[in-house]
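The primary structure of each chain is shown beneath.
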Amino acid sequence: MKKISILGATGSIGIQTLDVLRCHPDQFQLVSMSFGSNVEQAVKIINEFKPEYVAAGSKEAYDILSSNVFSHSFSVGYGEEALAEAAVYKADFLVNALVGSVGLVPTLKAIEEKIPVALANKETLVTAGHIVKEHAKRYNVPLLPVDSEHSAIFQCLHGEQPKTIERLIITASGGSFREKKREELEGVTVKEALNHPNWSMGAKITIDSATMMNKGFEVIEAHWLFDIPYDKIEVLLHKESIIHSMVEFKDRSILAQLGSPDMRVPIQYALTYPDRLSLPSVKSLNLWEVGQLNFKKADEKRYRCLQFAFESGKIGGTMPTVLNAANEMAVEAFLNGRISFLQIEELIESSLNRHQAIARPNLQDIQEVDKETRAFVQSLLA
Ligand code: NAD
Ligand code: MG
């Protein structure tokens, strides 16, 4: 029985992870969890899965949760310390399904406690990839990808020699505005941006998909997870989201991983690796139903965020930290109706332009640059 901690249990990935646990009650047990502010959802999860530790995102959420009556007893906390505690409390496996750089410290804590981490929280690798990687290496702890593209690459690389890799091909659906030209993005609304054609996900990643920052982040994520230089990572537009990504090897052979677009598949693979368990609730893929698979080159001029991500990744140091922090602020401002869609990339570009990257930053440098970038974007918003 694997004892699982889920950070961000009430979110899109969190809920789908719980669904996987529900399919295999003899294999997995939820021992610990965190949630942000959705107390109602958290109460349902607590009653069903009976975790022993729960971290709430705020004092307010903690108070509302504590006013409920439960049939079993468990410990509760709130704030950043509780979040880090929830990552490791009696757990032997962590699923980090938080959104944003708030996921960094809990990931590092789990690694220090020698707990393997299934990482959905890609912002952790964008903001401080080298620290996470070095930590995982030092403590000899596996990092398992949850992102569908990285799970695909991970599966294609199973049993292969890293030195035989020629390039990684990360597929991209293109997000909500893939049929629109750049000029047509001027007046798009939050509602339109949140309408992703292939995946139902949290709000932040859905906007990141529309700007293609999500794909940019995935390039940085792949760089760190698989230790591949940026010039060997490519983005390929593939609107059906059937091929989840591919690897080309030295001998020109390309391996791809395919399946219905359903996050429970990569989530479960991270939980069971190197084993595979059945997952009957996911639709079996019939290629004759799909009929056609389409591919297009990703144009960096059309998708400026993709270009920002490649450039920031190549510069390295604290540049991707700025990219992530500015993006988190800008996306939140867009979701709150404070800026237009195209202003997201303007805010990010201004933040990147003023920053002098610090090479080999430590955790404190990262946290300072993150804070400073947020303050800068805040000043532009004001
Ligand atoms: P979501 O917004 O649906 O859920 C995020 C969870 O984190 C929620 O439980 C929320 O309460 C919690 N949270 C947010 N801020 C917090 C804070 N400050 N303190 C404590 N808890 C906090 O997001 P999601 O779509 O599930 O995405 C989670 C991560 O997985 C992201 O990094 C995303 O990029 C990645 N991801 C998601 C999908 C998907 O299909 N949803 C696919 C691939 C990767
Ligand atoms: Mg993805």
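Analysis parameters
- Counting starts from 1 at the beginning of each chain's written sequence and moves along it residue by residue.
- Here chains are named by letter from A upward and ligands by number from 1 upward, in the order in which they appear as written.
- With pLDDT at 70 or above as the cut-off, local features in this predicted model cover only qualifying residues; side-chain atom pairs require 80 or more to be listed or tallied, and sums for whole chains, interfaces and linings still use all residues.
- Water and hydrogen atoms play no part in the side-chain values, which are based on all heavy atoms of the structure.
- Donor selection uses N, O and S atoms within 2.8 Å of the metal (3.2 Å for Na, K and Ca). Since no water is included, sites may look incomplete.
- Put simply, DSSP H or I for four residues or longer makes a helix, DSSP E for two residues or longer makes a strand, and each gets a number counted from the N terminus.
- The criterion for a residue being near a molecule or strand is simple. One of its heavy atoms has to lie within 4 Å of it.
- N or O atoms within 3.5 Å of each other form a polar contact, as long as, within protein, one can give a hydrogen and the other can take it, and as long as residues adjacent in sequence are counted only when both atoms are side-chain atoms.
- The accessible surface values rely on the Shrake-Rupley method and a 1.4 Å probe; as for residues, cover is taken only from the protein chains in view.
- Under the convention adopted here, Pro, Cys and the residues Ala, Val, Leu, Ile, Met, Phe, Trp and Tyr are nonpolar, Asp, Glu, Lys and Arg are charged, and Gly plus all remaining residues are polar.
- Where each domain begins and ends follows an automated or database-derived domain assignment.
- A pocket here means an open set of points on a 1 Å grid, computed over the protein atoms alone, that has protein on both sides within 12 Å along at least five of seven lines. A cavity is instead a set of points where a 1.4 Å probe fits but cannot get out; residues with an atom within 4 Å of a point line either one.
- Grid points are joined across faces, edges and corners, and a volume is the space filled by probe spheres set on the points.
- Two rings from Phe, Tyr or Trp (for Trp, the six-membered ring) form a pair when their centres are within 6.5 Å of each other. A pair whose planes differ by under 30 degrees is stacked, one over 60 is edge-to-face, and the rest are tilted.
- Look at NZ for Lys and CZ for Arg. If either is within 6 Å of the ring centre and within 35 degrees of the ring normal, a charge sits over the ring.
- UniProt positions are given in the numbering used here, feature names are shortened, and annotations may be inferred rather than shown by experiment.
- Any two residues whose heavy atoms approach within 4.5 Å at even a single point are treated as in contact.

Engineer: Looking at this structure, how should I read the coordination of the magnesium ion (ligand 2)?
Structural biologist: Six octahedral donors around a metal ideally make angles of 90 or 180 degrees; four tetrahedral donors ideally make 109.5 degrees. Around the magnesium ion (ligand 2), the donor atoms from the protein are D147 (OD), E149 (OE) and E218 (OE), and they sit 2.1 to 2.2 Å away. For the magnesium ion (ligand 2), the single-chain donor residues occur in sequence as D-x1-E-x68-E. Placement of the pair is E149 in helix α7 (residues 148–156) and E218 in helix α10 (residues 213–226), with a sequence separation of 69 residues.

Engineer: I tried to follow the site of ligand 1 on my own but got confused; where do I start?
Structural biologist: Around ligand 1 lies a shell of 20 residues, among which T10, I13, G36, E123 and G202 are the nearest. With respect to ligand 1, the backbone of G8 contributes an N or O atom lying 3.3 Å from an oxygen atom. Relative to its unbound accessible area of 830 Å², ligand 1 is 82% covered by the protein chains. Elements with a minimum of two residues in the shell around ligand 1: α1 (12–23) and α6 (122–138). Partitioned by chemical class, the residues of the shell around ligand 1 number 10 nonpolar, seven polar and three charged. Mapped onto the domain boundaries, the shell around ligand 1 takes at least three residues apiece from domain 1 (2–141) and domain 2 (150–314).

Engineer: Can you walk me through the layout of surface pockets in this structure?
Structural biologist: To locate leftover empty space, one rolls a probe as large as a water molecule over the atoms. There is about 540 Å³ of room inside the second largest pocket. Contributing to the lining of the second largest pocket are 21 residues, with K133, L143, F154, L225 and F226 lying nearest its centre. Of all elements in the fold, only α6, β7 (143–145) and α10 reach the threshold of two or more residues within the lining of the second largest pocket. In terms of residue class, the lining of the second largest pocket is built from 14 nonpolar, three polar and four charged. Counting residues domain by domain, the lining of the second largest pocket receives three or more from each of domain 1 (2–141) and domain 2 (150–314).

Engineer: Just to check I follow, could you spell out the packing of aromatic side chains for this structure?
Structural biologist: Each aromatic ring pair is specified by the distance between its two centres and by the angle formed by the two planes. Tallied over the entire structure, the rule returns eight aromatic pairs. Aromatic pair F177 and F341: ring centres 5.0 Å apart, planes at 85 degrees, arrangement edge-to-face. Placement of F177 in the loop between β8 (165–172) and α8 (190–193) and of F341 in helix α15 (residues 341–354) is noted, with a sequence separation of 164 residues between them. Sitting over the ring of F376, R354 keeps its end group 4.0 Å from the ring centre.

Engineer: Before we go on, may I ask you to explain the UniProt feature "binding site: Mn(2+)" (unreviewed entry) in the chain in this structure?
Structural biologist: The feature "binding site: Mn(2+)" (unreviewed entry), as annotated in UniProt, sits at D147, E149 and E218 in this numbering. Taken along the chain, the residues just named run across 72 residues; in space they keep tight, none of their C-alpha pairs more than 8.3 Å apart. If sequence neighbours within four positions are ignored, D147 has contacts with L119, K122, E218, E221 and M263. Within polar-contact distance, the side chain of D147 engages the side chain of K122 at 2.8 Å. For E149, the contacting residues outside a window of four places in its chain are I170, T171, K215, E218, H244 and S245. In this structure the side chain of E149 is engaged in a polar contact, spanning 3.1 Å, whose partner is the side chain of S148.

Engineer: I'm lost on empty space enclosed by the protein in this one. Help?
Structural biologist: By the definition in use, this model includes one cavity of 30 Å³ or more. Put simply, the largest cavity is a space of about 40 Å³. Lining the largest cavity we find R182, L185, A210, T211, R302, Y303, R304, F341 and E345. Mapped by element, the contributors of at least two residues to the lining of the largest cavity are α9 (203–211) and α15. Of the residues assigned to the lining of the largest cavity, the class counts are four nonpolar, one polar and four charged.

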